[in-house]
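# Breakdown of the fold
Listed below, chain by chain, are the residues.
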Amino acid sequence: MEKIWLCGWADIEDGDCRGFDPFDEGRDRLFVVRQGNRAFAWRNACPHRGYEGSTMAWRKHAYLNAGRNRIVCSSHGAQFDIETGECLAGPCPGQALEPATVHRDEFSQLYWLTNRMQEK
Amino acid sequence: MKIIGPDSLVFGVDDVASCNQYLTDYGLIPKEVSAEGGRFEALDGTNIEIRHKEDTSLPAPLPTGSTLRKTVYGVADEGVLEQIAAELGKDREVIRHADGSIEALDDMGFALGFQVTIRRPLSLPDEIVNAPGAKANRGINVIGADEDADIVPRTLSHVVYFVPDQKKAEAFYVERLGFRVADRFTNLGPFLRPQGTLDHHTLFLVHTPPEMQGVEHFTFHLGNPSELLQAGKRFVDKGYESFWGPGRHVYGSNWFWYFNSPMGVHVEYDADMDLHDDSWEPRAVESSADVSQIFNFTLAKKWMPGGDPH
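Given the structure is predicted, the values throughout are model-derived calculations rather than measurements.

### Some details on the overall build of chain B
Check the secondary structure of chain B and you find five helices and 18 strands. At 20 Å, chain B has a C-alpha radius of gyration in line with the 19 Å of a compact globule built from 310 residues. Projected onto the principal axes, the alpha-carbon positions of chain B cover approximately 75 × 50 × 40 Å. Scored against the burial criterion, the 310 residues of chain B give a buried share of 51%. In the structure as shown, chain B presents an accessible area of about 14200 Å², 54% of it carried by carbon and sulfur atoms. With 28 positive and 47 negative side-chain charges, chain B shows a spacing of 2 Å between the two charge centroids.

### Considering helix 4 (residues 225–237) of chain B
Helical geometry: 3.6 residues make up each α-helical turn, so side chains three or four residues apart lie on a common side. Residues and elements named next belong to chain B. For helix 4, which comprises 13 residues, the first-to-last C-alpha distance of 18 Å matches the rise-based estimate of 18 Å (1.5 Å per residue) to within 8%. Taken residue by residue, helix 4 has Glu227, Leu228, Ala231, Gly232 and Phe235 as its buried positions. Considered in projection along helix 4, the buried side chains sweep an arc of 125° and stay on one side of the axis. Of the residues one or two after helix 4, glycine 239 is the one with positive phi, at around 100°.

### What to know about the interface of chain A and chain B
With 22 residues of chain A at the interface, the matching set in chain B holds 24 residues. Between chain A and chain B lies a buried interface of about 1800 Å² when both sides are counted; carbon and sulfur atoms form 50% of it. Summed over the shared surface of chain A and chain B, the result is two salt bridges. In this structure, the connection of chain A to chain B is made through 13 residue pairs in polar contact (both at pLDDT 80 or more). Here the residues of the side of chain A that touches chain B are counted per class, giving seven nonpolar, ten polar and five charged.

### Description of the nonpolar core
One finds Phe114, Tyr161, Leu177, Phe218 and Met263 of chain B to be the most contacted residues of the largest nonpolar core, which totals 62 residues. Excluding its chain neighbours within four sequence positions, the residues that come into contact with tyrosine 161 of chain B are Leu68, Thr71, Asp106, Phe110, Leu112, Tyr173, Leu203, Phe204, Leu205, Val206, Gly214 and Val215 of chain B.

### Brief notes about empty space enclosed by the protein
Residues and elements named next belong to chain B. This model, assessed by the stated rule, comprises one cavity of 30 Å³ or more. Considered as a void within the structure, the largest cavity measures approximately 50 Å³ in volume. What lines the largest cavity is Ala60, Pro61, Leu62, Leu68, Arg69, Lys70, Thr71, Gly109, Phe110 and Ala111.

### Details of the pattern of salt bridges
This model, assessed by the stated rule, comprises 27 salt bridges over all chains. The closest approach of N and O atoms between arginine 29 of chain A and glutamate 25 of chain A, which form a salt bridge, is 2.7 Å. Look at glutamate 25 of chain A and you get partly exposed, because its relative accessible area is 39%. Ionic pairing is found between arginine 184 of chain B and glutamate 170 of chain B, a salt bridge with its closest N-O pair at 2.7 Å. Of the two residues, arginine 184 of chain B is situated in strand 10 (residues 180–185) and glutamate 170 of chain B in helix 3 (residues 166–176); the sequence distance between them amounts to 14 residues. The burial state of arginine 184 of chain B is the same as that of glutamate 170 of chain B; both residues are buried. Through salt bridges with shared partners, a single ionic network connects Glu87, Lys90, Asp91, Arg92, Asp107 and Arg176 of chain B.

### Quick look at the UniProt feature "domain: VOC" (unreviewed entry) in chain B
UniProt records the feature "domain: VOC" (unreviewed entry) for residues 155–272 of chain B in the present numbering. This span, residues 155–272 of chain B, is 20% helix and 43% strand, and a straight line between its end C-alpha atoms measures 12 Å.

### Topic: the pairing of strand 7 (residues 102–105) of chain B
Residue and element names in this part refer to chain B. Looking at chain direction, strand 6 (residues 95–96) and strand 7 are connected through two bridges and run antiparallel. Bridge assignment links arginine 96 to a residue of strand 7, and that residue is isoleucine 102. Linkage of strand 6 to strand 7, two consecutive antiparallel strands, is achieved through a turn of five residues, within which glycine 100 is found at a positive phi near 95°. Note: strand 7 against strand 8 (residues 111–116), four bridges, orientation antiparallel. When the bridges of strand 8 are listed, isoleucine 102 appears paired with phenylalanine 114. Counted along the chain from strand 7 to the antiparallel partner strand 8, the turn is five residues long, and its residue glycine 109 has a positive phi close to 100°.

### Some remarks on the sheet that holds strand 1 (residues 2–8) of chain A
Residues and elements named next belong to chain A. Here we have three strands laid out as an open sheet, ordered 1-9-8, and antiparallel in their pairing. A strand with exactly one partner marks an edge of an open sheet, and here the two such strands are strand 1 and strand 8 (101–104). Across this sheet, the average inter-strand angle for adjacent strands is 30°, counted without regard to direction. Where strand 1 and strand 9 (residues 109–114) come together, six bridges link them in antiparallel fashion. Bridge assignment links cysteine 7 to a residue of strand 9, and that residue is leucine 110.

### Here's the deal with helix 3 of chain B
Residues of helix 3 of chain B that are buried: Gln166, Ala169, Glu170, Phe172, Tyr173 and Arg176 of chain B. Capping the start of helix 3 of chain B, aspartate 165 of chain B holds a side-chain oxygen 3.2 Å from the backbone nitrogen of lysine 167 of chain B, two or three residues further along.

### What about the UniProt feature "domain: Rieske" (unreviewed entry) in chain A?
Within this structure's numbering, the places UniProt gives as "domain: Rieske" (unreviewed entry) are residues 4–110 of chain A. Secondary structure content for residues 4–110 of chain A is 0% helix and 32% strand, while the C-alpha to C-alpha distance between its ends is 9 Å.

Calculation rules
- Residues numbered from 1 in each chain as written.
- Chains lettered and ligands numbered in written order.
- Predicted model: local features only at pLDDT ≥ 70, side-chain atom pairs only at ≥ 80, totals over all residues.
- Heavy atoms only, no water.
- Helix = DSSP H or I, 4+ residues; strand = E, 2+ residues; numbered from the N terminus.
- Rg over C-alpha atoms; globule rule 2.2 N^0.38 Å.
- Buried < 20%, exposed > 50% of the residue type's maximum accessible area, 1.4 Å probe, protein only.
- Areas by Shrake-Rupley, 256 points an atom, 1.4 Å probe, with all protein chains shown as cover.
- Lys, Arg positive; Asp, Glu negative; His and termini not counted.
- Charge placed at Lys NZ, Arg CZ, Asp CG, Glu CD.
- Expected span 1.5 Å × (residues − 1).
- Arc of directions from axis to C-beta.
- Contact = heavy atoms within 4.5 Å.
- Buried area = accessible area lost by both parts, 1.4 Å probe.
- Salt bridge = Lys/Arg side-chain N within 4 Å of Asp/Glu carboxyl O.
- Polar contact = N/O pair within 3.5 Å; in protein donor to acceptor, adjacent residues only side chain to side chain.
- Nonpolar A, V, L, I, M, F, W, Y, C, P; charged D, E, K, R; others polar.
- Core = buried A, V, L, I, M, F, W, Y, C linked by side-chain atoms within 4.5 Å.
- 1 Å grid on protein atoms, 1.4 Å probe; cavity = no way out; pocket = protein on both sides within 12 Å on 5 of 7 lines; lining within 4 Å.
- Points joined across faces, edges and corners; volume = space filled by probe spheres on them.
- UniProt positions renumbered as here; feature names shortened; annotations may be inferred.
- Pairing = 2+ DSSP bridges.
- Axes fitted to C-alpha atoms, helices over the stretch in contact; angles between N-to-C directions.

In structure tokens:
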């Protein structure tokens, strides 16, 4: 397991979301929603049948609905629970987002814990 | 039955401000934009209309919650409108609106509007390229590459529905509204062309489970492939998320570049679609990556090969 630096904790506004493209591929690998002291990290990969793995944002960092209480896939409008990743509405009922593991260290820096070899 | 194609697509959305911004940045001309929504026009007046999802003036949403609330078709004249009203009135409610348009549901439950088309005739130059041997070239000392070129979508091209029953959906458009099948992906559905246009398709149906019913994408025609590539690049530079392309389809020959959108559908730039008339024999094939595109590129960052040798 490797620690890949994402950002400082304060770089994600409370209630907001940030997408991360740590390998500079032009599309995010993961995104993190911050709620108070908690962070919920998910793979940028919609589980929607036939479109598995589709990128979900419509613009950089734009993964949430207007009320910022759901994750929305802007491919076909699927909505997901921020905490559980479960699909709540839209084209992939019964499916869920794949979690990513992130860690906030003692200096309030946020890291993605992953195996780079398996990512590539 | 001279239906020309979609004049307007009406969406009921969660995030009105983001949709307004998105369609403006896509290149459409914003009209009557407010916190309640707006209309976003191509050069010929065809448009996307954005409203809040709770707006009570909109037709009811599909059970899946798809954001597309109405597809408004432009027809040649009042006579066609009456023909459609009479045909659909046989087995369903046809609503007549004060503006003269009519409204009814298709056999899948999509709300359709019909109006005498608002399309303004276009008279615009094509891109002229310098092709060896060609009679018309751009000309001497005429520059082709223009970073600041004004690129505005010309006309609303087509919309793609996810439908739970492709046979029934197709029969409605073919038998009741006179659409022709241009080509067909046997496992997905038909590309459909109404009688008032030569465009390969203005509607494509994709067979899916019922919980997916809704819209895959819509697109406007740009002037040519150069405009498509340049408009798409600008859209990426504004932070928007490419989904597929740029590339070129096989059926229809149109160049494509698809993006995610805050309406929760894909939005495409499209250029150079084939034209057909009724002498065209539809092709049919099972869909696959190979038959759906000739090529598919991904935008790469600009770079300077060799750097600075000095």
